[in-house]
Amino acid sequence: MPTADVAVVGGGIVGTCAAIELQRRGRAVTIVERDEPGAGTAAGSAGYLAYDDIFPIPSPAIVASLPRMLFDRHGPLVVQTPYLPHLAGWGLRFLAAARPSIVRRSIAALAPLNRLASQAHQDLASRAGAQHYLVRESVLHVFRTEASLETASKLIPTLEREGFEAGIVDRDALRAMEPAIRNGVAGAISFPGSDRCTNPSGYGAALARHFRAQGGSVIRGTARALEPFGGGWIVRADEEELLAPRVIVATGAWSRALLAPLGYGVPLESARGYNLMLGQPGVTPSRTLLFEEDHFCATPMEDGLRLAGTVEFAGLEAPPNFYRSEMLYEIARGYIPELRRDPATHWMGHRPSLPDSLPVIGELPKHPGIIAAFGHERRGLMQSAITARCVADLVERKTPPVDLAPFRIDRF
Ligand SMILES: Cc1cc2nc3c(=O)[nH]c(=O)nc-3n(C[C@H](O)[C@H](O)[C@H](O)COP(=O)(O)OP(=O)(O)OC[C@H]3O[C@@H](n4cnc5c(N)ncnc54)[C@H](O)[C@@H]3O)c2cc1C
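To keep things clear, this report deals only with the structure shown in the data block.

Cut-offs applied
Residues numbered from 1 in each chain as written. Predicted model: local features only at pLDDT ≥ 70, side-chain atom pairs only at ≥ 80, totals over all residues. Heavy atoms only, no water. Near = heavy atom within 4 Å. Polar contact = N/O pair within 3.5 Å; in protein donor to acceptor, adjacent residues only side chain to side chain. Areas by Shrake-Rupley, 256 points an atom, 1.4 Å probe, with all protein chains shown as cover. Helix = DSSP H or I, 4+ residues; strand = E, 2+ residues; numbered from the N terminus. Nonpolar A, V, L, I, M, F, W, Y, C, P; charged D, E, K, R; others polar. Phe/Tyr/Trp six-rings, centres within 6.5 Å; stacked < 30°, edge-to-face > 60°. Buried < 20%, exposed > 50% of the residue type's maximum accessible area, 1.4 Å probe, protein only. Lys NZ or Arg CZ within 6 Å of the ring centre and 35° of its normal. Contact = heavy atoms within 4.5 Å.

It is worth spelling out the site of the ligand at this point. Taken together, 35 residues sit near the ligand, with Glu33, Thr41, Tyr48, Ala223 and Glu377 positioned nearest. Within the side chain of Thr41, an N or O atom sits 2.5 Å from an oxygen atom of the ligand. Measuring from a nitrogen atom of the ligand, one finds a backbone N or O atom of Arg378 at 2.9 Å. In isolation the ligand exposes 1000 Å². Once the protein is present, 96% of that is buried. For the shell around the ligand, the elements supplying multiple residues, two or more each, are helix H1 (13–24), strand E2 (29–33), strand E13 (269–278), strand E17 (344–353) and helix H11 (380–395). At 4 residues, the largest contribution of residues to the shell around the ligand is made by E17. For the shell around the ligand, the class distribution of residues is 14 nonpolar, 14 polar and 7 charged.

Below, the structure is given as structure tokens:
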């Protein structure tokens with residue numbers, strides 16, 4: 001049976017970064033991935049490394065707006081009706097996580113991870129020769145109404161206290177910065193410390209190439225089970241098996257199935273998201289714009305303008321509803337009327353989401369040697385490299401740079 005020092009199950013952005021970091025520390029690493037390593041969900045993402053994104057989704061304000069959102073089939077959040085019963089437990093935990101005391105706890109957990117995420121990403125990208133995919137720039141969160149801008153600006157002191165920069169941009173300044181935005185805006189909040197990934201699938205592919213070039217091996221197949229053997233673990237994949245003393249579970253939204261047989265009923269759901277890639281948009285903003293009330297991003301990329309966002313709960317198996325990609329174009333045109341649609345491509349992906357908006361990062365309490373690294377929701381591209389550092393420290397039995405207690409798998 002083939003062996004490795006570390007088996008990384010799942011070669012999405014989190015698994016690939018973890019594999020590279022472990023390699024750097026001298027470990028022989030094998031990725032077990034059913035598709036191409038580096039080609040996971042992040043490939044279709046908005047490419048926005050929002051280090052300042054320290055606010056969990058559950059909050060009193062979101063709970064107040066849920067009834068309106070849920071009954072709007074064309075709105076930013078939908079639950080497909082047949083999926084409703086499956087979401088009950090997750091939904092109740094989401095409501096519990098929206099209590100102000102828990103929100104404060106979640107901010108206190110996310111902020112230290114995000115503070116180290118930028119440097120971790122720059123280091124990893126440079127080592128892999130992929131730093132040209134990352135552009136440091138000021139991202140604008142755009143608001144349609146004065147009222148939402150004012151509400152959001154009340155969060156700036158919290159951001160500043162946590163060490164992040166943000167500033168208000170009024171309507172005229174916004175129009176001067178981004179003349180493509182013609183309609184219906186009250187202003188923006190600018191986040192100067194962000195990175196934009198100009199080609200997320202190229203970036204993932206470059207990281208995977210680096211991993212292979214450094215001697216990393218890949219088993220192509222679906223991991224079906226993790227079984228104890230001689231103080232280590234056997235990863236049983238479709239046609240191959242792998243024995244390793246340490247296993248990283250980085251299977252994104254699919255992680256529940258792999259861990260359930262070990263007794264972990266982790267409340268992980270796929271918050272499905274969509275993108276519409278406009279090949280020749282005609283007008284292009286100069287930076288990532290996040291339209292707050294409509295919950296989507298417009299990101300300039302090497303091959304066009306990507307509109308990405310929306311949340312849909314329908315599980316891992318339901319076919320995509322590409323109306324939700326198309327919807328993004330209609331909404332975007334409300335802000336940027338000259339935007340051209342054709343040629344365009346659709347995409348749907350699975351954000352791995354826990355009810356409190358925090359990932360799971362840590363060794364399994366009842367299964368020493370298995371380390372979980374999944375559930376990064378809308379922040380997986382951004383948090384991948386710092387997560388890699390944390391799990392590599394756990395493999396080496398060192399203290400990680402961030403307190404991982406809030407990210408324990410058994411916190412629910
Ligand atoms: C529309 C949209 C926009 C987004 N925008 C952003 C953004 O701008 N910035 C940001 O930071 N994040 C963004 N995200 C979130 C980000 O893409 C995810 O958080 C991130 O990709 C999760 O990475 P992962 O490696 O954990 O999971 P994935 O990328 O999903 O990777 C999991 C991998 O595991 C493999 N796998 C699963 N099960 C098995 C198995 N049993 N055996 C073998 N292999 C298996 C899968 O094939 C996959 O390659 C966005 C997501 C969506 C949907």
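Our focus in this paragraph is the packing of aromatic side chains. Following the criterion strictly, the structure yields 7 aromatic pairs and no others. An angle of 65° between the planes, with centres 6.1 Å apart, marks the rings of Tyr133 and Tyr203 as edge-to-face. On the criterion of sequence distance, the pair formed by Tyr133 in the loop between helix H4 (100–127) and strand E5 (134–143) and Tyr203 in helix H8 (residues 200–213) is long-range, its members being 70 residues apart. There is no split in this pair, since Tyr133 and Tyr203 are both buried. Between Phe291 and Tyr335, the ring centres sit 4.2 Å apart and the planes meet at 35°, which makes this aromatic pair tilted. With Phe291 in strand E14 (residues 289–291) and Tyr335 in helix H10 (residues 323–335), this residue pair connects regions lying 44 residues apart in the sequence. Summarising the burial analysis for this pair, Phe291 and Tyr335 share the class buried. Connected via pairs of aromatic rings, a cluster forms that spans Trp90, Phe94 and Phe313. Here the basic side chain of Arg34 rests over the ring of Trp254, its NZ or CZ set 4.5 Å away from the ring centre. In this arrangement the basic side chain of Lys366 is found over the ring face of Tyr264, its NZ or CZ atom lying 5.1 Å from the centre.

Right, let's get into unusual backbone geometry. Between Asp342 and the following residue, Pro343, the backbone shows a cis peptide bond with an omega angle of -5°. With phi around 65°, Thr310 is a residue other than glycine that occupies positive phi space. Positionally, Thr310 belongs in strand E16 (residues 304–313). Positioned with a positive phi, Arg397 is a non-glycine residue whose angle comes to about 60°.

Attention shifts here to the environment of Tyr51. Its location among the elements puts Tyr51 in the loop between strand E3 (48–49) and helix H2 (60–70). Taking C-alpha positions, Tyr51 is 8.5 Å from Ala111, a pair spaced 60 residues apart along the chain. With residues near it in sequence (within four places) discarded, Tyr51 still touches Asn114, Ala117, Ser118, His121, Arg136, Phe164, Gly193, Ser194, Asp195 and Met382.

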